[in-house]
Amino acid sequence: MSSTATPVAQSAPEPASAGIESAPGTAPVGAAGPVPAGETAPAGSASAGRKAATDYADYRLVPARHPWRWVGTAVVAVGVAGIAWSLATNPRWEWGVVAQWFTAQSIVNGLLETLKLTAISGALGFILGFILALMRLSASPLLVSVSWTFSWIFRSTPLLVQMLLWYNLGYLYEKISLGIPFTDVRFFEAQTTTLISQFAAAVLGLTLNQAAYSAEIIRGGILSVDQGQLEAATALGIPAWRRSTRIVLPQAMRAILPTAFNEVIGLVKGTSIVYVLAYSELFYTVQVIYNRTQQVLPLLLVATLWYVVITSVLSVFQYYIERHYSKGAVRTLPLTPLQKARKFLAIHTPAARESSQERGTR
């Protein structure tokens, strides 16, 4: 009587724990070997799984959704539209009067005087501020003390007080002379009231006030440059002038420019304080006109719009100059507003969306 032997089923070996590494030269349990050329990996093998995981041809590209961003955009758009509607429909703004005076000859003349005061005072203020910053950074105690005292005095007194003080300088000193100190030798002498006119007093007040702030801005920008670079340049034997112009200033400009342009924009608006000297800049001209016509709000709006135009032009210059000096700080320059608009249209137009979907379904 014969009997058939039934083989005993052996249990599969348990997988090794994650913390136990395989012996050198042995493949992990369950790992599939390389698939020869021309053959297809069997279903369920690791090679097939890896191939399926990296095949994105059947995936459809879906743009990311930002619902709350669109909600916030809609709320802000409604608010802006409400303000614009109020400005357009309120007859008390008298937009016809604004259009009448906006390009009037007297307004344009006052605008030119404002621009002239800004250009002269800004240029002289930053030149003097640069000298004061170098004095503050020098090793001479006298130069440091003089620079610090200058900034302390002119930053501690209101600009209006400085204007009135310079305009009434003739009360303190009848004559202004230039010569050798402590002697009777004089090279130049003039009456103070003749020399310090309304324009001269305005330029003096704006320039000296601007120089006090510019000195601190420039000093802070110079100190922001890493001192190790100066030490390395000195060790390489680079002359002091080239160290200052080729190493220090290009890097300091990145810290100086934003605040410096803010000061220039503030100077444009600060020229309006010259009205106390009865100098015919933009704001004083507007005052004279509305005192005669009693059209106060429309003419104030004329002055406001011109100040907005000037500061907007300065802001555009500020953006491109800052972008130029950011070359050494960023890998790629930031996009200009025109480039950002082109990129937005290229992504969000219907044609761009269709082309992206077609590429995703291929």
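Structure's up top.
Residues numbered from 1 in each chain as written. Predicted model: local features only at pLDDT ≥ 70, side-chain atom pairs only at ≥ 80, totals over all residues. Heavy atoms only, no water.

Q: Which residues make up the nonpolar core, and what are the values?
A: For soluble globular proteins, the rule of thumb is that nonpolar side chains tend to be buried together. Of all hydrophobic cores here, the largest spans 22 residues; its most connected members are L117, F150, L206 and V274. Elements with a contribution of two residues or more to this core: α4 (105-137), α5 (141-156), α6 (159-167) and α9 (198-223). Top contributing element to this core by residue count: α9, with eight residues. L206 has contacts with L117, S121, L159, M163, L267, G270, T271 and V274, leaving out every residue within four places of it along the chain. W101, V286, L299 and L301 belong to the second-largest nonpolar core, a separate cluster that totals 20 residues. (Core = buried A, V, L, I, M, F, W, Y, C linked by side-chain atoms within 4.5 Å. Buried < 20%, exposed > 50% of the residue type's maximum accessible area, 1.4 Å probe, protein only. Helix = DSSP H or I, 4+ residues; strand = E, 2+ residues; numbered from the N terminus. Contact = heavy atoms within 4.5 Å.)

Q: Pulling in residues and values, what's your account of the pattern of salt bridges?
A: Taken as a whole, this structure holds three salt bridges when the rule is applied. Residue K116 pairs with E113 through a salt bridge whose shortest N-O separation is 3.3 Å. Of this pair, K116 and E113 both sit in helix α4, three residues apart, which is roughly one turn of the helix. A residue is classified by how much of its surface remains accessible, and K116, at 36% relative accessible area, is partly exposed. R219 is the salt-bridge partner of E216, the closest N and O atoms lying 2.8 Å from each other. On the criterion of helical spacing, the pair formed by E216 and R219 is a turn pair, its members being three residues apart in helix α9. E216 sits in the buried class, given a relative accessible area of 17%. (Salt bridge = Lys/Arg side-chain N within 4 Å of Asp/Glu carboxyl O.)

Q: Before we move on, can you summarise the packing of aromatic side chains with the specific residues and values?
A: Counted according to the given criterion, the structure contains seven aromatic pairs. Ring centres of F102 and W306 lie 4.4 Å apart, and the angle between their planes is 0°; this geometry places the pair in the stacked category. Linking F102 in helix α3 (residues 95-102) with W306 in helix α13 (residues 296-325), this pair joins segments that are 204 residues apart in sequence. What makes F102 partly exposed here is its relative accessible area of 21%. Seen in terms of ring centroids, F150 and F154 are 4.6 Å apart; in terms of plane orientation they differ by 35°. Their pairing is tilted. Taken as a pair, F150 and F154 lie in helix α5 at a separation of four residues, close to a single helical turn. (Phe/Tyr/Trp six-rings, centres within 6.5 Å; stacked < 30°, edge-to-face > 60°.)

Q: Describe the pairing of strand β2 (residues 186-191), with residues and values.
A: Every regular strand shows the same layout, with side chains that alternate between the two sheet faces. Where strand β1 (residues 175-179) lies against β2, five bridges are found, and the strand directions are antiparallel. The residue bridging L178 from the neighbouring strand is F188, located in β2. The turn linking β1 back onto β2 is made up of six residues, and F182 within it adopts a positive phi angle of 65°. (Pairing = 2+ DSSP bridges.)

Q: How would you summarise a nonpolar patch on the surface if you had to cite specific residues and measurements?
A: On the surface, L178, I180, V185, F187, F188 and L195 cluster together into a nonpolar patch covering about 570 Å² of accessible area. Among the secondary structure elements, L178 is positioned in strand β1. (Patch = residues over 30% accessible without salt bridge, like charges linked within 9 Å, V, L, I, M, F, W, Y side chains within 5 Å. Areas by Shrake-Rupley, 256 points an atom, 1.4 Å probe, with all protein chains shown as cover.)

Q: Tell me about the layout of surface pockets, residues and numbers included.
A: Estimated volume of the second largest pocket: approximately 260 Å³. Contributing to the lining of the second largest pocket are 13 residues, with L134, I222, S244, V248 and L249 lying nearest its centre. Counting residues per element, the ones that place at least two in the lining of the second largest pocket are α4, α10 (227-235) and α11 (240-270). The element best represented in the lining of the second largest pocket is α11, accounting for six residues. Looking at the lining of the second largest pocket, its residues break down into 10 nonpolar, two polar and one charged. (1 Å grid on protein atoms, 1.4 Å probe; cavity = no way out; pocket = protein on both sides within 12 Å on 5 of 7 lines; lining within 4 Å. Points joined across faces, edges and corners; volume = space filled by probe spheres on them. Nonpolar A, V, L, I, M, F, W, Y, C, P; charged D, E, K, R; others polar.)

Q: Which residues make up the side chain of Q162, and what values do they have?
A: Mapped onto the elements, Q162 comes out in helix α6. A polar side-chain atom of Q162 sits 2.9 Å from a polar atom in the side chain of T157. Sequence-distant contacts of Q162, defined by excluding residues within four places in its chain, comprise F154, T157, G205 and N209. (Polar contact = N/O pair within 3.5 Å; in protein donor to acceptor, adjacent residues only side chain to side chain.)

Q: Got a sec to walk through α5? Specific residues and values, please.
A: Taking 1.5 Å of rise per residue, the 16 residues of α5 would be expected to cover 22 Å, and the 22 Å separating its terminal C-alpha atoms lies within 8% of that figure. For α5, the full list of buried residues reads S147, F150, S151 and F154. Along the long axis of α5, the arc covered by the buried residues comes to 90°, so they all point the same way. Among the exposed residues of α5, those pointing more than 90 degrees away from its buried face are P141 and L142. Looking at the buried positions of α5, the neighbouring elements they touch are α4, α6 and α9. (Expected span 1.5 Å × (residues − 1). Arc of directions from axis to C-beta.)

Q: Give a detailed account of the environment of N168, specifying residues and quantitative values.
A: Within the element layout of this structure, N168 appears in the loop between α6 and α7 (169-172). Here N168 falls in the partly exposed class, since its relative accessible area comes to 44%. Residues N168 and A201 lie 33 residues apart in sequence; the distance between their C-alpha atoms is 8.9 Å.

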